[in-house]
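In case you want the letters, here they are:
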Amino acid sequence: MSGQITDAQDVSKQKNVVELNALTKEFQDLVAVNDVTLSVKDGEILTLLGPSGCGKTTTLRMIAGFETPTKGEIRLTGDDVSETPPYKRDTGMVFQRYALFQHMTVADNIAFGLKMQGTPDSEIDSRVSEMLEMVKLSGLQGRYPAELSGGQQQRVALARSLIIEPSVLLLDEPLANLDKKLREEMRMEFLRLHEELDVTMVYVTHNQEEALMISDRMAVMSDGNLHQVGTPEEIYLNPNDEFVADFIGQATFLSGSVTDAGSIYTIELQMGGVIEVARSSIESPDETEVGSDVNVLFRPEKFHIEKHTGADIGRNQFTGHVEESTYLGDTIEYYVRAGNERIQVNQQSLTQAREIDDGDEVLISFDEDTPLVLPSRGQ
Ligand SMILES: Nc1ncnc2c1ncn2[C@@H]1O[C@H](COP(=O)(O)OP(=O)(O)O)[C@@H](O)[C@H]1O
Ligand SMILES: [Mg+2]
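Keep in mind that what you see is a predicted model, and the values were worked out from it rather than measured.

Colleague: Before we move on, can you summarise the sheet that holds strand S3 (residues 45-49) with the specific residues and values?
Modeller: Strand order in the open sheet made by the six strands is S6-S7-S8-S3-S9-S10, with mixed pairing throughout. One side of each edge strand has no neighbouring strand; the edge strands of this open sheet are strand S6 (91-94) and strand S10 (225-230). Averaged over all pairs of adjacent strands, the angle between their axes in this sheet comes to 15°, without regard to strand direction. Across five bridges, the pairing between strand S7 (residues 168-172) and strand S8 (residues 200-205) is parallel. Bridging from a neighbouring strand, Leu169 pairs with Met201 of S8. Each of S6 and S7 is contacted by helix H5 (residues 150-162), which is oriented at about 170° to S6, the strand it contacts most.

This is how it looks when you write it as structure tokens:
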């Protein structure tokens, strides 16, 4: 806990490279980005994460200057850039489609930004060689983009935007066009480059796993709205609302209402039964009192599952039967039918031999501090 507090203080001391203040973008009557306030600290990787159409690209394009905000303010390294054209904003951009110049060699593609800045040729040559080495493309400088693989093309795109040493690198789903294995490899490359160059990055993705892996902090969006900003751990362990909880990681939600609110909260579930939950598991204690409707979030790995032998059902236990199960190597995923609900349970498979089959009656149980109780938004 003390470690987290120190981190937060360190982060607050860092200067903001990007600041968005109440940023809104409307296209006719569509609100693509709605009142987003967000800052990106020097040297961090911040991901904008959310489903397709939630406003990620529009946000990024406003930072780069390709799109004009309807309302709100953008600051880059402290300066209001509302009137600054894209080429003067000191940002680099990498797109999903690499957008390389097809008629130029790798070296000329990478050198492009420096040429535009009027950098002397001798300096360009040495910086291009350095960059080629950095992105592991040494020896390929004479090739044309069409002669490269997708992964190599994306490395050229990265090198081309990094060579001008932008204050912030903006990346719009840069790995979305690559196959799974290459994508995983390239994620490691991003982290390595980030480590070596210390460049601030705003990284757009709709891929939760990718965001969890590469982010210092992530900003979760849907329908133009920013739901939560935090470290991957904060977001996973302490989602602000149901959208975030559902979008990041796997979850089962059970609705109910509070019947006692002391150091232990008791909740009567709609599916039947009463559970007891620690006060520390209540997301908004101020909003959650006796009579409140709540949604209880369970992460599948927090459940314990065993065959039901007919013993009495204790506190914080459910019975049900296995409808479906999937063996995933290190875990087994079970879907357990309990009343009207389908509950997902993940079990580490290496710890014990598989002994539960589809159709089996099972007993699932949880500790009182493992669920998260969210206020019900009245659905
Ligand atoms: N130039 C545009 N004109 C009209 N609507 C647009 C334009 N650009 C984006 N939109 C709409 O704005 C919303 C957000 O789009 P976008 O920022 O591209 O989302 P994302 O990148 O998260 O998939 C979508 O509904 C999209 O259709
Ligand atoms: Mg997009």
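Colleague: Can you explain the pattern of salt bridges? Please cite residues and give values.
Modeller: Applying the stated criterion across every chain yields a total of 19 salt bridges. The residue Glu276 makes a salt bridge to Arg315 at a minimum N-O spacing of 2.3 Å. With Glu276 in strand S13 (residues 274-278) and Arg315 in the loop between strand S15 (304-307) and strand S16 (317-327), this residue pair connects regions lying 39 residues apart in the sequence. Classification of Glu276 as partly exposed rests on a relative accessible area of 26%.

Colleague: I'd like a description of the domain arrangement of the protein chain, backed by residues and values.
Modeller: Often, the extent of an interface is quoted as the loss of accessible area upon association of its parts. On domain assignment, one finds that the protein chain holds domain 1 (14-245) and domain 2 (250-375). Regarding the contact of domain 1 and domain 2, the summed buried area is about 740 Å², with carbon and sulfur atoms giving 44% of it. Our count for the domain 1 to domain 2 interface comes out at zero salt bridges. Counting the contacts that link domain 1 with domain 2 gives four residue pairs in polar contact (both at pLDDT 80 or more). Of all the secondary-structure elements, those providing two or more residues to the side of domain 1 that touches domain 2 are helix H8 (232-237) and helix H9 (242-247). Each residue belonging to the side of domain 1 that touches domain 2 can be placed in one class, and the counts come to four nonpolar, two polar and two charged.

Colleague: If you had to explain unusual backbone geometry to someone new, which residues and values would you point to?
Modeller: Unusually for a residue other than glycine, Thr77 sits at a positive phi of about 40°. For Thr77, the location among the structural elements is in the loop between strand S4 (71-76) and strand S5 (79-80). On the basis of relative accessibility, which here comes to 42%, the residue Thr77 falls in the partly exposed class. If you check the backbone angles, Glu165 has positive phi at about 50° while not being a glycine. Among the secondary structure elements, Glu165 is positioned in the loop between H5 and S7. We classify Glu165 as exposed; its relative accessible area is 59%.

Colleague: Tell me what's going on with the packing of helix H3 (residues 106-116) against helix H4 (residues 121-134), and back it up with residues and numbers.
Modeller: Where H3 meets H4, the closest approach of the two axes is 10 Å, and the angle between their N-to-C directions is 125°. Here H3 is positioned oblique relative to H4, judged by the angle of their axes. For H3 against H4, the interelement crossing comes out right-handed. Note on element contacts: H4 touches H3 through Ile124, Arg127, Val128, Met131 and Leu132, opposite Val106, Ala107, Ile110, Ala111, Leu114 and Lys115. In terms of residue class, the contact of H3 with H4 is made up of nine nonpolar, no polar and two charged.

Colleague: How would you explain the nonpolar core if you had to name every residue and give the values?
Modeller: Membership of the largest hydrophobic core comes to 35 residues, with the highest contact counts inside it found for Ile110, Val128, Met131, Leu158, Leu169 and Leu171. Secondary-structure elements contributing two or more residues to this core are H3, H4, H5, S7, helix H6 (180-197) and S8. Once you skip the residues sitting within four places of it in the chain, Leu169 turns out to touch Gly92, Met93, Val94, Leu158, Ser161, Leu162, Val199, Thr200, Met201 and Val202. Grouped together as the second largest cluster of nonpolar side chains are 26 residues, Ile282, Phe298, Ile305 and Val362 included.

Colleague: Talk me through the UniProt feature "domain: ABC transporter" (unreviewed entry) in the protein chain; I want residue IDs and the actual numbers.
Modeller: When the UniProt feature table is mapped onto this chain numbering, "domain: ABC transporter" (unreviewed entry) sits at residues 18-248. Along residues 18-248 the backbone is 36% helical and 27% strand, and the end-to-end C-alpha distance reaches 25 Å.

Colleague: If you had to explain the site of ligand 1 to someone new, which residues and values would you point to?
Modeller: The immediate surroundings of ligand 1 are formed by Phe27, Leu30, Ala32, Pro51, Ser52, Gly53, Cys54, Gly55, Lys56, Thr57 and Thr58. One nitrogen or oxygen atom from the main chain of Gly53 is found 2.6 Å from an oxygen atom belonging to ligand 1. Here an oxygen atom of ligand 1 sits 3.2 Å away from a polar atom, N or O, in the main chain of Cys54. Across the complex, the protein chains shield 60% of the 560 Å² of accessible surface that ligand 1 would expose by itself. Secondary-structure elements contributing two or more residues to the shell around ligand 1 are strand S2 (30-41) and helix H2 (56-64). Among the elements that make up the shell around ligand 1, the one with the highest residue count is H2 (three residues). Looking at the shell around ligand 1, its residues break down into five nonpolar, five polar and one charged.

Quick notes on the rules
- Residues numbered from 1 in each chain as written.
- Chains lettered and ligands numbered in written order.
- Predicted model: local features only at pLDDT ≥ 70, side-chain atom pairs only at ≥ 80, totals over all residues.
- Heavy atoms only, no water.
- Pairing = 2+ DSSP bridges.
- Helix = DSSP H or I, 4+ residues; strand = E, 2+ residues; numbered from the N terminus.
- Axes fitted to C-alpha atoms, helices over the stretch in contact; angles between N-to-C directions.
- Contact = heavy atoms within 4.5 Å.
- Salt bridge = Lys/Arg side-chain N within 4 Å of Asp/Glu carboxyl O.
- Buried < 20%, exposed > 50% of the residue type's maximum accessible area, 1.4 Å probe, protein only.
- Domains from an automatic or database assignment.
- Buried area = accessible area lost by both parts, 1.4 Å probe.
- Polar contact = N/O pair within 3.5 Å; in protein donor to acceptor, adjacent residues only side chain to side chain.
- Nonpolar A, V, L, I, M, F, W, Y, C, P; charged D, E, K, R; others polar.
- Parallel < 35°, antiparallel > 145°, perpendicular 65-115°, else oblique.
- Left-handed = near helix turned anticlockwise from the far one by under 90°.
- Core = buried A, V, L, I, M, F, W, Y, C linked by side-chain atoms within 4.5 Å.
- UniProt positions renumbered as here; feature names shortened; annotations may be inferred.
- Near = heavy atom within 4 Å.
- Areas by Shrake-Rupley, 256 points an atom, 1.4 Å probe, with all protein chains shown as cover.

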